[in-house]
Amino acid sequence: MRIIKCDILVVGGGGAALRAAIAAKEYNKDLKVMIATKGKLGKSGVTATACSDRMAFHATLEHTEPGGPDSWRYHADDIYRIGGMVSDYNLAEVLAQKAKDAFEYLDGLGVPFVKKNGLPDQFVTDGSEYARACYTGPYTAVHIEEALMRRFEEMNIGVLDFCMVAKLVKKHERVIGAIALDTREMDFEKAVIPISAGAVILAAGGGGMIYEHNVFPAGMTGDGYALAYEAGAELVNMEFIQMGIASTKTKFNCSGSMMRAVPRLINDSGEEFLKKYFPEGTSCEEICNTLFKKGASWPVSYEHKTHIIDIALYKEMKAGRRIFLDYSKNPEGFRFDMLSEENRLRYRREQNRDLGAQKRNESPLCRLMEINEPSVRWFSDRGIDLTKGELIEVAACAQHFQGGVKIDEHARTTVHGLWAVGETAGGQHGANRPGGNALLDCQVFGRIAGEDAAREVLQKGNNMNDIAGLIEDDAIKLVQMLNSADDGEVSAEKMRKQMQRIVESGAGVVRTGEGLQKALQELQKLKIKRHFVDEHGPAYFMENKNMLMVAQMVMEAALMRDESRGPHLRFARYEDNTPMERRDPEWGKYIVIYKNGGDMILEKRKPQTPK
Ligand SMILES: Cc1cc2nc3c(=O)[nH]c(=O)nc-3n(C[C@H](O)[C@H](O)[C@H](O)COP(=O)(O)OP(=O)(O)OC[C@H]3O[C@@H](n4cnc5c(N)ncnc54)[C@H](O)[C@@H]3O)c2cc1C
């Protein structure tokens, strides 16, 4: 069996992985650094494909509000306080302090950040107090990936495309390599790729595919979480998953101006259902102002009362109805002057066309044309013509995992030889994640991990002589496991669909103790049935195993947290439309998950607090 040997193996190919690999190689050009990624490098994962109204990269720069040498402290405070005080404050400090360097590095690589008077333009995102979001437009993440790829290609870094890391190999409690699978190969033995490494950096992104509705690209199955868990690492904050209203056909987040145009939210019977979920007697004025405000608080959050819209949408869908945004007609009773002065001012700031008061009053489409005409074209290019009255089908979709593999300030996990970065990592964000900090986090901790792993491999040496046997053994065990799966009862594809439905039902927008318990039982039954490798091949089969594990972590943690915080809306009864209260200080703690023997252990712990 041929074993691929390297000093540092980076698992993933998004913004965090590229930054980590580049940093390791920049630290010492003689190190053998290798990237293994499931898809085609530079074209797969969230960073390489995501798009929204205006994608944000948060950074506190010299001119950033509120100004002064200490302004990074406000940034750290936002991450921690607005995050719900369940993240590690020291990690928030690292993020805020190193944001300027991260921005300058990307700027130097040619990311086309929008500038005004020579300075990066910055705006306020969901959940932040100050304008820190740098951007290039709807494709900020793609531009970051492209710039990193240009730098990457100048360096001598190995690439294994279409290569899914399926297992980490350990010796004496240290990770010494991995077993990967060629995602295009059906023959189990031929698919297996053993890799030895002095250090492994997990940058495998999030796990949005565990939900039926999500805006993640294919392949984002939470492998990094499962790999780390199986290797004995701790995970944290797994119940906090960012969700919001997005188009099911295009995966476009309907945030910002899409909501500030105040569309009708209707079900497949054409009913404007929102009023059923607001307290009885709520005026049309209040409902429309809440819809407008949803534009600036896209993710579901206990701390934003606009969550009532997500609750309504989720419950309608759970009752079997499809949901649409309709821009052709005003919500019943709507008049533009019903919007509060604050909201009208916000509208005016966004307006780049003036169609006149009559048109502005006429329809959400006219308003969208005034504040974001490109979005009308964007949908039309993708087969949804709003000018012809076509509807946008929407759902509450998973977009980001705020938690993940618990890291320290060096991006080290609790297992030797293993680092985690980007969306795979956890502890740096709390329950809410102020928009823009995920892309930042990939760059800051990506660099830290690359350099730290390089430093350690150089100090420790990378003796690969006596480990080949161990790695071969693990590769053989993986093939045996795949072979033995042929007595499973359900195909991998069917199993995946059932699992996604279970997770969405138990751990979607509305979570109850009873619903979570039922979902966990159903998940357990599904696990017992076992699945077999179908026409999607062995990598897809292994993804399912990972997803089952991640689904359990998310739901067990959600069950344990019997309060509401951030996107975790917990209800005493499903019929309630008001979530249970947030409970501080009792629940100002995070839930740490780890494996002990065959058991999944959950522990409530106090995070690092500000000094
Ligand atoms: C629609 C959308 C809009 C967003 N908007 C913003 C925003 O405005 N601001 C912000 O800060 N954040 C935003 N986010 C979040 C942010 O984009 C992501 O958190 C970030 O890009 C994740 O980067 P990453 O490198 O960690 O993972 P990814 O870019 O997802 O890369 C993960 C990589 O790992 C690979 N991989 C996975 N499993 C394996 C395996 N087992 N073996 C090998 N390779 C594997 C994948 O193929 C992929 O290449 C948004 C996300 C979405 C979906």
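Values in this document were obtained by computation on a predicted structure and should not be read as measured data. (Residues numbered from 1 in each chain as written. Predicted model: local features only at pLDDT ≥ 70, side-chain atom pairs only at ≥ 80, totals over all residues.)

1. A closer look at the overall build of the chain
Counted only if it meets this: Every helix listed is a DSSP run of H or I at least four residues long, and every strand listed is a run of E at least two residues long, numbered separately from the N terminus. Atoms considered for the radius of gyration are the C-alpha atoms alone. The globule rule reads 2.2 Å times the number of residues to the power 0.38. We call a residue exposed when 12 or fewer other C-beta atoms sit within 10 Å of its C-beta, buried when the count reaches 20 or more, and partly exposed for counts in between; the C-beta positions come from the backbone. Note on contacts: each residue gets a C-beta atom placed from the backbone, and two residues are in contact if those atoms are within 7 Å.
The secondary structure content of the chain amounts to 19 helices and 24 strands. Compactness check: the chain gives a C-alpha radius of gyration of 24 Å against a globular reference of 25 Å for 611 residues, within 12% of the reference. By principal-axis analysis of the C-alpha atoms, the chain measures approximately 75 × 60 × 50 Å. With 611 residues in all, the chain has 56% of them scored as buried. Within the chain, contacts between residues separated by at least 24 positions form 75% of all contacts whose residues are at least 6 apart in sequence.

2. Some thoughts on the domain arrangement of the chain
What counts, and what does not: Note that domain bounds follow an automatic or database assignment of domains. Residues were grouped as follows: Ala, Val, Leu, Ile, Met, Phe, Trp, Tyr, Cys and Pro as nonpolar; Asp, Glu, Lys and Arg as charged; and all remaining residues, including Gly, as polar.
Taken domain by domain, the chain comprises domain 1 (4-240 + 402-469), domain 2 (245-398) and domain 3 (486-593). The straight-line distance from the C-alpha centre of domain 2 to that of domain 3 is 29 Å. For the side of domain 2 that touches domain 3, the leading source of residues is helix H10 (residues 307-318), giving six residues. When its residues are assigned to classes, the side of domain 2 that touches domain 3 shows eight nonpolar, two polar and two charged.

3. Here we look at the site of the ligand
Test applied: Any residue whose C-beta atom, as placed from the backbone, lies within 6 Å of a molecule or strand is termed near it.
Taken together, 42 residues lie around the ligand, and Gly12, Gly14, Gly45, Gly205 and Gly422 are the ones closest in. Across the shell around the ligand, the residue classes tally to 19 nonpolar, 20 polar and three charged.

4. Some details on the sheet that holds strand S18 (residues 425-426)
The cut-off we apply is this: Strands were regarded as paired on the criterion that DSSP finds at least two bridges between them.
Pairing in this open sheet of five strands is mixed, and the strands run S18-S16-S11-S23-S24 from one edge to the other. For this open sheet the edge positions go to S18 and strand S24 (599-605), each flanked by a neighbour on one side alone. In the sheet, strand S11 (residues 235-236) pairs with strand S23 (residues 590-596) via two bridges, with the strands oriented antiparallel. Opposite Val236, over in S23, you have Val592 as the bridge partner.

5. A short note on helix H15 (residues 437-460)
Stated precisely, the cut-off is as follows: In this analysis, the expected span of each helix is defined as 1.5 Å times one less than the number of residues it contains.
Between the first and last C-alpha of H15 there are 33 Å, a value that for 24 residues agrees with the 34 Å anticipated at 1.5 Å per step. Backbone geometry just downstream of H15 places Gly461 in the positive-phi region, at approximately 80°.

6. Let's talk about the sheet that holds strand S15 (residues 392-401)
To keep things clear, this is the line we draw: Axes, fitted as lines to C-alpha atoms, cover a helix only where it is in contact. Angles between the N-to-C directions of the axes lie from 0 to 180 degrees.
Here four strands make up an open sheet; going across it, the order is S12-S15-S14-S13 and the pairing antiparallel. Every other strand in the sheet has two partners, leaving strand S12 (241-247) and strand S13 (264-267) as the edge strands with one partner each. The sheet shows a mean angle of 40° between the axes of neighbouring strands, direction not considered. Bridge count between S12 and S15: seven bridges; the pairing is antiparallel. Bridge pairing in S15 places Met243 opposite Ala398.

7. Let's talk about unusual backbone geometry
That bond from Glu65 to Pro66 is cis: its omega, -5°, falls within 30 degrees of zero. With respect to the helices and strands, Pro66 occurs in the loop between strand S3 (57-58) and helix H2 (71-82). The amide bond that connects Asp584 to the next residue, Pro585, takes the cis arrangement and shows omega of 0°. Residue placement: Pro585 occurs in the loop between strand S22 (570-571) and S23. With a phi close to 50°, Asn117 is a non-glycine residue in the positive phi region. Tracing the backbone shows Asn117 in the loop between strand S4 (115-116) and strand S5 (119-120). Judged by the 6 C-beta atoms lying within 10 Å of it, Asn117 falls in the exposed class. A positive phi angle is found at Ala411, which is not glycine, with a value near 65°. Relative to the helices and strands, Ala411 is located in the loop between strand S16 (404-406) and strand S17 (418-420).

8. A look at the pairing of strand S9 (residues 174-182)
S9 sits mainly inside the fold: seven of its nine residues count as buried. Taken together, the eight bridges between strand S8 (residues 163-171) and S9 define a ladder with antiparallel strand orientation. Looking across to S9, one finds that Val165 is bridged to Ala180.

9. Considering the packing of helix H1 (residues 15-27) against H15
We apply this condition: In a left-handed crossing the near helix is turned counterclockwise from the far helix by less than a right angle, and in a right-handed crossing that turn is clockwise.
At a minimum axis separation of 7 Å, H1 and H15 run at an interaxial angle of 35°. The two elements H1 and H15 cross, and the hand of that crossing is right-handed. Across the interface between the two elements, Gly15, Ala16, Arg19, Ala20, Ala21, Ile22, Ala23, Ala24 and Tyr27 from H1 touch Leu439, Cys442, Gln443, Gly446, Arg447, Ala449, Gly450, Glu451, Ala453, Ala454 and Arg455 from H15. Among the residues making up the contact of H1 with H15, the classes are represented as 12 nonpolar, four polar and four charged.

10. Quick word on the nonpolar core
To keep it simple, the criterion reads: Joined through C-beta atoms within 7 Å, a set of buried Ala, Val, Leu, Ile, Met, Phe, Trp, Tyr and Cys residues constitutes a nonpolar core.
Membership of the largest hydrophobic core comes to 195 residues, with the highest contact counts inside it found for Ile8, Val10, Ala180, Ile201, Leu202, Val421 and Val554. Counting residues per element, this core draws most heavily on helix H19 (residues 538-560), at 15 residues.

11. Some words on the packing of H1 against helix H4 (residues 140-153)
For clarity, the threshold we go by: For classification, angles of less than 35 degrees are called roughly parallel, those exceeding 145 degrees roughly antiparallel, those between 65 and 115 degrees roughly perpendicular, and all remaining angles oblique.
Look at H1 against H4: their axes get within 10 Å of each other, and the N-to-C directions meet at 25°. Considering the angle they form, H1 stands roughly parallel to H4. Classified by chirality, the crossing of H4 by H1 is left-handed. Contacts between H1 and H4 involve Gly15, Leu18, Arg19, Ala21 and Ile22 from the first element and Ala141, Ile144, Glu145, Leu148, Met149, Arg151 and Phe152 from the second. Here the residues of the contact of H1 with H4 sort into eight nonpolar, one polar and three charged.

12. Quick word on the environment of Ala312
In this structure, Ala312 sits in helix H10. On the neighbour-count criterion, Ala312 (22 C-beta atoms within 10 Å) is buried. Sequence separation between Ala312 and Phe273 is 39 residues; the distance between their C-alpha atoms is 7.6 Å.

13. A few points about the environment of Gly108
By the secondary structure assignment, Gly108 is in helix H3 (residues 89-108). For Gly108, a count of 10 C-beta atoms within 10 Å gives the class exposed. A C-alpha to C-alpha distance of 49 Å links Gly108 and Phe278, two positions 170 residues apart in sequence.

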